[in-house]
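Understanding the architecture of this molecule
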Amino acid sequence: FGVVSDNARIENLGLIDPNVSAVGCAYVGSLAGECRGTVINCYVTNAKISGMNHVGGLVGSARVLSDCHANGTVTGVHNVAGLVGYVWDKVICCSATAKVAGDNTVGGLTGWNNGRVAGCFSAGTVSGEVNIGSLVGINDLVIANCYSTSDVNGYDQVGGLVGAGTWDSVVTNSY
């Protein structure tokens, strides 16, 4: 899906071996580029996803993801991650095992969290230039009960869990 509307609900859907190449494009993911609705219990296996901004293994930009997981390779420039490039509401009980590479705001699970990430984990490798985190590249709000075992490589604002946090950033019970 390119864009999923506000009240839409995608549930119990899996994708195997998707290859989405949208170099130079924004809002890129295997399931949806931009999801304004809710995604529940969906997954992607062996994804190969590439784009420019808001790039994720499952969804490029999302409002709500619950009980989802992604596995594969994801590359982009800004807001790049194994599961979702940018989240503005919540990601609950999700995971990503991926090789993720980008320039700015890159994470194993989500590139930029502007909501709540809870009960999630990531594994794999994460690399980039600035705001690079094994779980989240930039955290604006809340991360709770999460962990990551991803290897991380970057040059500025690089963290074992979060690359950078804003003034409102809260991280609890996570490692």
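Heads up: the structure comes first, above all this text.
So, here is what we can say about the structure in this document. The structure presented is a predicted model; accordingly, all values stated were derived computationally and were not measured.

Moving on to the pairing of strand 17 (residues 121–127). Inspection of the sheet shows strand 13 (residues 95–101) paired to strand 17 by 7 bridges, in the parallel sense. Opposite T97, over in strand 17, you have A123 as the bridge partner. Note: strand 17 against strand 21 (residues 147–148), 2 bridges, orientation parallel. Bridge pairing links S122 to S148 in strand 21. Where strand 17 lies against strand 22 (residues 151–153), 3 bridges are found, and the strand directions are parallel.

Before going further, it helps to spend a moment on the pairing of strand 18 (residues 130–133). With 3 bridges connecting them, strand 14 (residues 104–107) and strand 18 associate as parallel partners. If you follow G107 over to strand 18, its bridge partner there is G133. Both strand 18 and strand 23 (residues 156–159) contribute to a ladder of 3 bridges, which runs parallel. In the strand pairing of strand 23, I132 is matched with V158.

Residue position: L65 is located in strand 9 (residues 59–66). For L65 and E11, which are 54 residues apart along the polypeptide, the C-alpha to C-alpha distance reads 10 Å. If sequence neighbours within four positions are ignored, L65 has contacts with V39, V59, L83, V84, K90, V91, I92 and C94.

Strand order across the open sheet formed by 6 strands is 5-8-11-14-18-23, with parallel pairing between neighbours. Strands with a single pairing partner mark the edges of an open sheet, and in this sheet they are strand 5 (26–28) and strand 23. The average undirected angle you get between the axes of adjacent strands in this sheet is 5 degrees. Note that strand 11 (residues 78–81) and strand 14 share 3 bridges and pair parallel. Across the sheet, the residue bridging to V80 is V106, located in strand 14.

Rules and cut-offs
Residues numbered from 1 in each chain as written. Predicted model: local features only at pLDDT ≥ 70, side-chain atom pairs only at ≥ 80, totals over all residues. Heavy atoms only, no water. Pairing = 2+ DSSP bridges. Helix = DSSP H or I, 4+ residues; strand = E, 2+ residues; numbered from the N terminus. Contact = heavy atoms within 4.5 Å. Axes fitted to C-alpha atoms, helices over the stretch in contact; angles between N-to-C directions.

Shape descriptors only; they carry no functional weight alone.
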